[in-house]
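What follows is each chain in one-letter form.
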Amino acid sequence: MKNTLPTGAARVAGVVGQPIHHSLSPFLHTAWLRDLGLNGVYAPFGPKDEHGFDRLILSCRSNGIKGLNVTAPFKAQALALADTVSDTARKAGSANLLTFDDDGYVHADSTDGHGLLRAFELQAPDCDLTSAPVAIMGAGGASRAVVAALLDKGCPEVRIINRTLARAEELVFAFQTGVTAFDLTQVSRAFEGAIAVINAASGGPHPLFEGLSDNAAVMDMTYRPLKTAWLQAAEANGLKTVDGLNMLIEQARPSFQAFYGVAPRAHFNIRKLALEFLGETE
């Protein structure tokens, strides 16, 4: 399949974060560009601080770049710098996708929640996220985007578990309804009857998974390593697992289409190539 875009200068997009050297996004987008035969470039950008990010966005308004994926620690700043904001990004409180029009205007969107929901559809299709509460470990920016997606999908309750209870309560305040806050001493209560547990935190021991629904699934947003201690513990308890690699791939698909004007081929096995690149196996 070849592109229907006009020939000429390459379309340029990229990913921005700090640190950025570990990002798998350049590999994914470059693989899709090659598969489709598109004249495009996808590059990493690593401004050292918020001032550097500001200057990068100012430059992108006029240098012809089509867009940027945004990762930590710049997602909230990306939202604040945009001229227009999607409803999804507004609810998420951050943006992982910026696109630039020909007049230099910046539009902010968020595809993180979409990526997570698609990952569950692919790896745990029988896990109905609208049938029971979902528990999330961690109260950072990634958690807020996931909460927004789950509530929009119809999840009856999202339970946020965080070391600092006040951080979890910030999400309760942000969404007003459908969100409950817990600290680490209340993990068992937060897991009780949950249909899914999502780890959006870094570090710390994995919890016990007793009390979850029999058909529950456990997800870890991390994709290096693919089978984290969380997922290994979940498998040992007979639970379905969802890994962070599918979330990364699925949040990248709409970004690619926004940058290059065509969607990646659904049957192109990008996951297989990514696993080989990472030195991982299923």
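The structure we're discussing is the one just above.
Residues numbered from 1 in each chain as written. Predicted model: local features only at pLDDT ≥ 70, side-chain atom pairs only at ≥ 80, totals over all residues. Heavy atoms only, no water.

So what about the side chain of S25? Which residues, and what values?
Along the chain, S25 falls in helix 1 (residues 25–36). The class for S25 is buried, based on a relative accessible area of 6%. Setting aside its immediate chain neighbours within four residues, S25 contacts V15, Y42 and L248. (Helix = DSSP H or I, 4+ residues; strand = E, 2+ residues; numbered from the N terminus. Buried < 20%, exposed > 50% of the residue type's maximum accessible area, 1.4 Å probe, protein only. Contact = heavy atoms within 4.5 Å.)

Explain the layout of surface pockets residue by residue, including any values.
Empty space within the largest pocket amounts to approximately 1300 Å³. Considering the residues around the largest pocket, the lining is formed by 47 residues, among which T71, A72, K75, A142 and M221 are closest to the centre. At the level of secondary structure, the elements contributing two or more residues to the lining of the largest pocket comprise strand 3 (67–70), helix 3 (75–81), helix 6 (141–153), helix 7 (165–175), helix 9 (229–236) and helix 10 (244–260). Of the residues forming the lining of the largest pocket, the biggest block, four residues, is contributed by helix 10. A breakdown of the residues in the lining of the largest pocket according to their chemical character gives 21 nonpolar, 19 polar and seven charged. (1 Å grid on protein atoms, 1.4 Å probe; cavity = no way out; pocket = protein on both sides within 12 Å on 5 of 7 lines; lining within 4 Å. Points joined across faces, edges and corners; volume = space filled by probe spheres on them. Nonpolar A, V, L, I, M, F, W, Y, C, P; charged D, E, K, R; others polar.)

Which residues make up the sheet that holds strand 2 (residues 40–45), and what values do they have?
Spatial strand order, 2-1-3-5-6-4: six strands in an open sheet with mixed pairing. Single-partner strands in this sheet number two, and they are strand 2 and strand 4 (84–85). Where strand 3 meets strand 5 (residues 97–100), three bridges bridge the pair, whose relative direction is antiparallel. Paired with N69 across the bridge in strand 5 is L97. Each of strand 1 (11–16), strand 2, strand 3 and strand 5 is contacted by helix 10, which is oriented at about 10° to strand 5, the strand it contacts most. (Pairing = 2+ DSSP bridges. Axes fitted to C-alpha atoms, helices over the stretch in contact; angles between N-to-C directions.)

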